[in-house]
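# Structural overview
These are the residues of each chain, in order.
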Amino acid sequence: MHHFYIYHTRINRNWLKVALILLSAYWFTSCGDSSTEPVNSRSYFPLSIGVYQIYDVKEEVYSSGQTGPSVKTWQERDEVVRETKNANGISTFIISRYSRNTATDSWLKVKEYSIEQFPDKLILNIDNQITVPFIFPIDSKLKWNGNMYNTLDSKEYRYEEIDQPLQSGNLSFEKGITVVEQSDTTSVITYSLGIKRYGLDAGLIYDEQASFEYCQSTPDCIGQGIVDSGSRKIRTIVEFGGLQ
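Residues numbered from 1 in each chain as written. Predicted model: local features only at pLDDT ≥ 70, side-chain atom pairs only at ≥ 80, totals over all residues. Heavy atoms only, no water.

Let us look at the pattern of salt bridges. Enumeration over the complete set of coordinates arrives at 16 salt bridges. Here R232 ties to E60 by a salt bridge, and the two come within 3.4 Å at their closest N and O atoms. Residue R232 is located in strand β12 (residues 227–241), and its partner E60 is located in strand β1 (residues 52–62); the two are separated by 172 residues in the primary sequence. The exposure class of E60 is buried, given its relative accessible area of 13%. With its nearest N and O atoms 2.8 Å apart, the salt bridge here joins R97 to D78. Separated by 19 residues along the polypeptide, R97 in strand β3 (residues 91–100) and D78 in strand β2 (residues 70–85) bring together distant segments of the chain. Of the residues examined, R97 reaches a relative accessible area of 9% and is grouped as buried. The exposure class assigned to D78 is buried, which follows from its relative accessible area of 3%. Here the residues in one salt-bridge network are K58, E60, E208 and R232, joined through shared partners. (Salt bridge = Lys/Arg side-chain N within 4 Å of Asp/Glu carboxyl O. Helix = DSSP H or I, 4+ residues; strand = E, 2+ residues; numbered from the N terminus. Buried < 20%, exposed > 50% of the residue type's maximum accessible area, 1.4 Å probe, protein only.)

Spelled out as structure tokens, the structure:
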């Protein structure tokens with residue numbers, strides 16, 4: 001019996017060593033799994049020369065007295081073409097925007113706009129309108145005034161669906177993020193929605209901006225969601241690239 005006890009104890013110790021080795025291997029493998037690595041917040045808005053996105057654009061314009069909206073469709077291409085740095089090391093990226101009516105037409109340059117890249121935020125200047133599309137680090141509890149650098153009324157931006165899968169058109173993104181710029185969709189008088197979605201290493205993948213006034217002219221149309229005037233513009237990504 002004495003010899004059996006010693007042998008049994010050695011077996012238990014050997015199994016313990018094996019178990020510890022297996023647990024250690026699992027721990028190191030889990031830690032090295034790239035899927036658990038933190039996402040670089042700036043990868044949702046990649047900025048380097050040559051990065052581009054192509055969008056399908058649809059605009060609906062509603063006018064009083066019309067039975068339906070006038071609808072326009074076209075394509076836009078945004079491409080980072082230049083970068084400059086100031087004395088403090090802050091980069092300003094210049095983006096060229098091109099437009100065409102259909103996918104078979106040639107691109108026509110329509111404007112340039114800029115994005116300043118600070119450690120804690122991005123500042124966008126387009127059509128002489130300055131906004132703050134991103135604040136870093138990205139956090140679901142974070143809210144900020146997107147109009148902090150212009151004279152317009154304060155507009156509260158916030159993050160939603162951080163690092164979650166997103167679908168935009170025919171493209172799928174393993175990790176995405178949503179920025180809600182405005183959301184007043186419950187009123188029976190007006191409707192306002194501003195929402196942008198970004199894909200990791202792709203940039204802006206979906207942008208919807210809508211502002212409506214509902215019909216109030218007759219008792220029959222009040223509260224029926226009938227649009228009297230306003231507009232909605234949607235940009236949906238169809239291609240992107242250029243990231244080194």
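On to empty space enclosed by the protein. Evaluated as defined, the whole model comprises one cavity of 30 Å³ or more. Approximately 30 Å³ is the volume attributed to the largest cavity. Around the largest cavity sit P46, V51, Y52, Q53, D201, A202, F240, G241 and L243, which together line it. Elements supplying a minimum of two residues to the lining of the largest cavity: β1 and β12. Taken together, the residues of the lining of the largest cavity break down into six nonpolar, two polar and one charged. (1 Å grid on protein atoms, 1.4 Å probe; cavity = no way out; pocket = protein on both sides within 12 Å on 5 of 7 lines; lining within 4 Å. Points joined across faces, edges and corners; volume = space filled by probe spheres on them. Nonpolar A, V, L, I, M, F, W, Y, C, P; charged D, E, K, R; others polar.)

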